[in-house]
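The primary structure of each chain is shown beneath.
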Amino acid sequence: MVARAAHRARQRADLSSPATGGAATLALEHVTHAFEDVVAVRDLSLSVAEGEIVCLVGPSGCGKSTLLRLAAGLETLQQGRIVIGGREVALPGRSEPPERRGVGLVFQDYALFPHLDVLANVRFGLRHLPVAEQRRLAAESLDRVGMAGFAHAFPHTLSGGQQQRVALARALAPRPPVLLLDEPFSGLDVSLRAQVRDQTLHVLKAHGAATLVVTHDPEEAMFLADRIALMRDGRLVQEGSPVDLYMRPLDAFAAAFFGEVNRMSGVVRDEQVETPLGLVPAPELSDATPVTVLIRPEALHLSLSERIDGVPARVEAARLLGRTSLVHLGIEDGAGGELHLHARMPGQFLPAEDSFVTISLDSRQAFVFADE
């Protein structure tokens, strides 16, 4: 927990400036943007290095798509600075158009031209080149995304996943230093989404561009990203690797955004909090501080046998969710009532309703935050 406190301090210091760790191909510096009286982005700085995939996540309306549109040149910068490949492309009152920024764009609806075949769609951004070169680069890009056999098909004959790959091929064809993807998988059904995003990850890594992906899906961000930037109300809340955001959240919002949590209240005494599941360390908080304790369902390890060091719980329901089982539990809350909890166990673990199990807590996934 002490190490966690030091990590939080370092991350809060880093939020005021673009992330480091390599030369930034894309840098947004102190960007603020408003639509009339609504501030969509507030003094936000973010950078993406060559070959890096950064996922921008947050709830609807937090400003993530606005930030991507500013990077693309689809919105006029009001405050701050945008740099691509070491070159200023936007300052207040001066903004280069998208076609001169060296960015490739993949939109949520893919934006393919229905009257053009696949090859012509991919050639669209290469019109400044000789025709033979256009065809060569377009064919190479289609081959890279596994769509070489569909060069003369029209968009309406393709599945959603195929259209997504054509849109990606079109963005990659000019070999831009920066790729910007806005909710690229949201239009796909669940089974196809997993397959297409896996293919896309490998294509992006092979291409080596600095890639910024906007998504509302935390699991998708953790699958794709080298680094995640979490936004709320136009601000950057936390930035780091997927492991950082899942295992070392800076606040209750970040903890809850990346997965379901069990919530309980308490008060710090002697650098720990007493909960119905046992003592949870809180060395960075002062005594008598009211706190919220958030515990991930997978932190509750269940046993069908009685354990001296465990907490008894009554099974209310158990459901197999494929790779894991979700178990609904009731435990005494210490005040004469019952607390409802969720536990997630690997594989098939389906105890009968109204049977009893024993809970042991993995405190590494128990997070303590002072009440605001």
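Just above sits the structure.
Procedures and definitions
- Residues numbered from 1 in each chain as written.
- Predicted model: local features only at pLDDT ≥ 70, side-chain atom pairs only at ≥ 80, totals over all residues.
- Heavy atoms only, no water.
- 1 Å grid on protein atoms, 1.4 Å probe; cavity = no way out; pocket = protein on both sides within 12 Å on 5 of 7 lines; lining within 4 Å.
- Points joined across faces, edges and corners; volume = space filled by probe spheres on them.
- Helix = DSSP H or I, 4+ residues; strand = E, 2+ residues; numbered from the N terminus.
- Nonpolar A, V, L, I, M, F, W, Y, C, P; charged D, E, K, R; others polar.
- Buried < 20%, exposed > 50% of the residue type's maximum accessible area, 1.4 Å probe, protein only.
- Pairing = 2+ DSSP bridges.

> Got a minute to help me understand the layout of surface pockets in this structure?
Regions of empty space are outlined by a rolling probe, equal in size to a water molecule, passed over the atoms. Space inside the largest pocket adds up to approximately 680 Å³. Taken together, 22 residues line the largest pocket, and the ones lying closest to its centre are P98, E99, V103, G125 and P174. Listing elements by their share of the lining of the largest pocket, those giving two or more residues are β7 (103–106) and α5 (160–172). Ranked by residue count, the leading element in the lining of the largest pocket is β7, at 3 residues. Considered as a void within the structure, the second largest pocket measures approximately 380 Å³ in volume. Lining the second largest pocket we find 15 residues, and of these E219, Y246, R323, T324 and R344 sit closest to its centre. It is helix α7 (residues 218–224) that contributes the most residues to the lining of the second largest pocket, 3 residues altogether. Across the lining of the second largest pocket, the residue classes tally to 7 nonpolar, 3 polar and 5 charged.

> Just checking my understanding: could you explain helix α2 (residues 64–72) for this structure?
Side chains three or four residues apart in an α-helix point the same way, a direct result of the helix having 3.6 residues per turn. The buried fraction of α2 is high, at 7 of 9 residues. Residues of α2 that are buried: K64, T66, L67, L68, L70, A71 and A72. A positive backbone phi angle near 90° is found at G73, which sits one or two residues after α2.

> Just to check I follow, could you spell out unusual backbone geometry for this structure?
Glycine aside, negative phi is the norm for most residues, and most peptide bonds take the trans geometry. Phi angles above zero are rare outside glycine, and D43 is one such case at about 45°. Considering the arrangement of structural elements, one finds D43 in strand β2 (residues 38–49). Not every positive phi belongs to a glycine, and E271 is a case in point at roughly 65°. With respect to the helices and strands, E271 occurs in the loop between β12 (262–269) and β13 (272–275). You can call E271 partly exposed: its relative accessible area is 47%.

> It is not clear to me how the pairing of strand β10 (residues 227–232) should be interpreted in this structure. Could you clarify?
On a regular strand, one side chain projects to one face of the sheet and the next to the other, so that they alternate. Counting buried positions over the 6 residues of β10 gives 5, a clear majority of the element. As paired elements, strand β3 (residues 53–57) and β10 share 4 bridges and run parallel to each other. In the strand pairing of β10, C55 is matched with I228. Where β10 and strand β11 (residues 235–240) come together, 5 bridges link them in antiparallel fashion. The residue of β11 that forms the bridge with A229 is E239. Hairpin connection between β10 and β11: a loop of 2 residues separates the two successive antiparallel strands, and D233 in this loop has a positive phi of roughly 50°.

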